[in-house]
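# Residue-level structure breakdown
Each chain, letter by letter, is given below.
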Amino acid sequence: MPGTSSHPVYWEHYPHEADMGVRGFGATPEQAFEQAALALTAIVTDPDSVRPQQRVAVACTAPDAGLLLVDWLNAIIYEMATRHMLFRRFEVHLAEGRMHGAAWGERVDAARHQPAVEPKGATYTSLAVRRLEDGSWLAQCVVDV
Amino acid sequence: MDAAGLQRLSDYAWQLPARGAMRVPAIIFADAALLAAMDDKVREQAANVAMLPGIVHASYAMPDAHWGYGFPIGGVAAFDPEEGGVVSAGGVGFDISCGVRCLLTGLKAAEIMPLQARLADALYAAIPAGVGSTGTLRLDAAEMQAMLAGGARWAVQRGYGEAADLERIEEGGRMAGAEPDAVSEHARRRQRDEMGTLGSGNHYLEVQRVAEVCDPHIAAVYGLALDDVVVSIHCGSRGLGHQIGTEFLREMAVAAAGHHITLPDRELACAPIDSVIGQRYLGAMRAAVNCALANRQMLTHLTRRVFAQIFLHARLPLLYDVSHNTCKVEEHEVDGRRRRLYVHRKGATRAFGPGHPDLPPALRAVGQPVLIGGSMGTASYVLAGSERGMRLAYGSACHGAGRAMSRHEATRRWHGRAVVDELAARGILIRSPSLRGVAEEAPHAYKNVSAVVEVADRAGLARKVARLAPLVCIKG
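Structure report, in brief. Values in this document were obtained by computation on a predicted structure and should not be read as measured data. (Residues numbered from 1 in each chain as written. Chains lettered and ligands numbered in written order. Predicted model: local features only at pLDDT ≥ 70, side-chain atom pairs only at ≥ 80, totals over all residues.)

## Here's the deal with the nonpolar core
Generally speaking, soluble globular proteins have nonpolar side chains that are buried together. Judged by nonpolar contacts, the single largest core of 218 residues is most densely connected at A:Ala36, A:Leu69, A:Leu73, A:Ile76, B:Ile28 and B:Leu383. It is helix α11 (residues 276–310) of chain B that provides the largest number of residues to this core, a total of 16 residues. (Core = buried A, V, L, I, M, F, W, Y, C linked by C-beta atoms within 7 Å. Buried ≥ 20, exposed ≤ 12 C-beta atoms within 10 Å, placed from the backbone. Helix = DSSP H or I, 4+ residues; strand = E, 2+ residues; numbered from the N terminus.)

## Description of the interface of chain A and chain B
On the side of chain B, 37 residues touch chain A, which itself brings 29 residues to the contact. Every element with two or more residues in the side of chain A that touches chain B is listed here: β1 (10–15), α2 (65–83) and β8 (137–144) of chain A. Ranked by residues supplied to the side of chain A that touches chain B, first place goes to α2(A) with 5 residues. Of the residues in the side of chain A that touches chain B, the class split is 16 nonpolar, 9 polar and 4 charged. (Contact = placed C-beta atoms within 7 Å. Nonpolar A, V, L, I, M, F, W, Y, C, P; charged D, E, K, R; others polar.)

## Examining the sheet that holds strand β3 (residues 54–61) of chain A
Residue and element names in this part refer to chain A. Strand order in the open sheet made by the 3 strands is β3-β5-β4, with antiparallel pairing throughout. The open sheet has two edge strands with one neighbour each: β3 and β4 (85–95). The mean inter-strand angle of the sheet, taken between neighbouring strand axes irrespective of direction, is 20 degrees. In this sheet, strand β5 (residues 98–107) lies alongside β3 in antiparallel orientation, the contact comprising 8 bridges. The partner of Val 58 across the bridge, within β5, is Gly 101. Across the face of the sheet, helix α1 (residues 29–44) comes into contact with β4 and β5 while running at roughly 160 degrees to β4. Each of β3, β4 and β5 touches α2; the most contacted strand, β3, lies at about 145 degrees to it. (Pairing = 2+ DSSP bridges. Axes fitted to C-alpha atoms, helices over the stretch in contact; angles between N-to-C directions.)

## What to know about the environment of B:Asp457
All names here are of chain B. Assignment of secondary structure puts Asp 457 in helix α17 (residues 449–459). A C-alpha to C-alpha distance of 37 Å links Asp 457 and Ala 253, two positions 204 residues apart in sequence. Among all residues touching Asp 457, those that are not within four sequence positions of it are Ala 462, Arg 463 and Lys 464.

Below is the structure:
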């Protein structure tokens, strides 16, 4: 059954003893990737506190969907670190081991965002990109913080 | 963790015998209580490490071991290049050479307490801490190259600290064999604004009081006496190390099959030591070690400046600087034979015993200072490397308390403001840009560091020297 618009689109964190797991759900793998990135932002701050003012383009290529998810999240971590930005909106397009997309956000404001911790890198621990029984998609991995 | 299937080697050591694809056993250092509290994943991950090619003798987990990624945090393993041994980017981790250094101040607690708040505010103003913070120094391409090759020696040459600091740093302040050219442009770019910054999460700068002296002789050699004030700095190689870890983890994971390595967990990404990628990683990883040593040296300089403004005659000599996430070439005696091994310590401290030639003359008789960080409301410890520890786990000991719960759970239980107020009522001043960050690092989110240190001492990994209690904590 193909993913449909009736499938819920959301993110969540899941526990890891030292670090934090990010998990995105959606009707499509693209939405699951976008939600996983939102979960990444939520490690640092409340995503609702971030203004989507500036667009940053991202593109990755990887031999499988799992590596592609890690590459995508690591690309966002890189942009967060080097631009001192936080992101609130994401757009992902996937095609045959390639992805291109964008993130919208703003520069970190310590007083307003109260950033808790900086993500160091997305890991392969509990890495999964898969279709669930109801046809919706899940994308997850543990992030080192 | 269930002890079923583990052989009890002593009151403080448990062995999981080699079976299946394991080449060697896994040995976990813990008492019954710590073992029971350990996540089952520690056992699984220690067993996975035991499957890697060229591993020597055993895969070890220290008393603070917890669920990591690939290796357990608190994992130690040594590999022999002559037996097809590997170097693992996953076995070092993202925060390459994350570590702790401890500065003596020559001050007593009674001298600083009247000025405690002023000191806290001045340190907080001087030390860039937290997400998005930047240092004042921008390195051009040539200086970045020099820093990556020179480590803390580079920092001292540029006026950050004193030449006397260097012998109190592992590797004399400069990791040999660094290959700056193996460090990518992305990694350099990520470091551009981050020299001399503390970072976030569990990284901190603490002013501490010696609350207990456990071994008066070694404490005297280290220059520690009751009620002395010291400063401990916990941070790593910042964005540069994170990026190197990210890039080589991926490259090694993809290349593993080509090296005929079956990875039990992709996060254990590794390559033969003598392979092109293995050598390139070692060069880049060593450059990241130098970045971490330079960074801690710069933070030391900033700290000394603050102390000099408030306490005119204070000098802050370095007691020692240890690194937690590394792969180092060391000689160890295994089954009666000296062997040159690539020792991985992931969330574990090198703890060389008395007489080791790599220790500075002033410390050689008593062993290397082993600096164990606790949580911001509890205690930290200074231990000393022991003769026995050299034989137990390649001269390694624990590195901290280890988390007792996830960050999410901590923020559910505590509010940052309440944690700050509660600690202030106990005489501990917290300064942090993020109250949420403080909640995630609340003292009870960590295991009892004293229990971990007690087991490390009794197991013989390292000897307990002094307990440190926090007075001021700058939290990233």
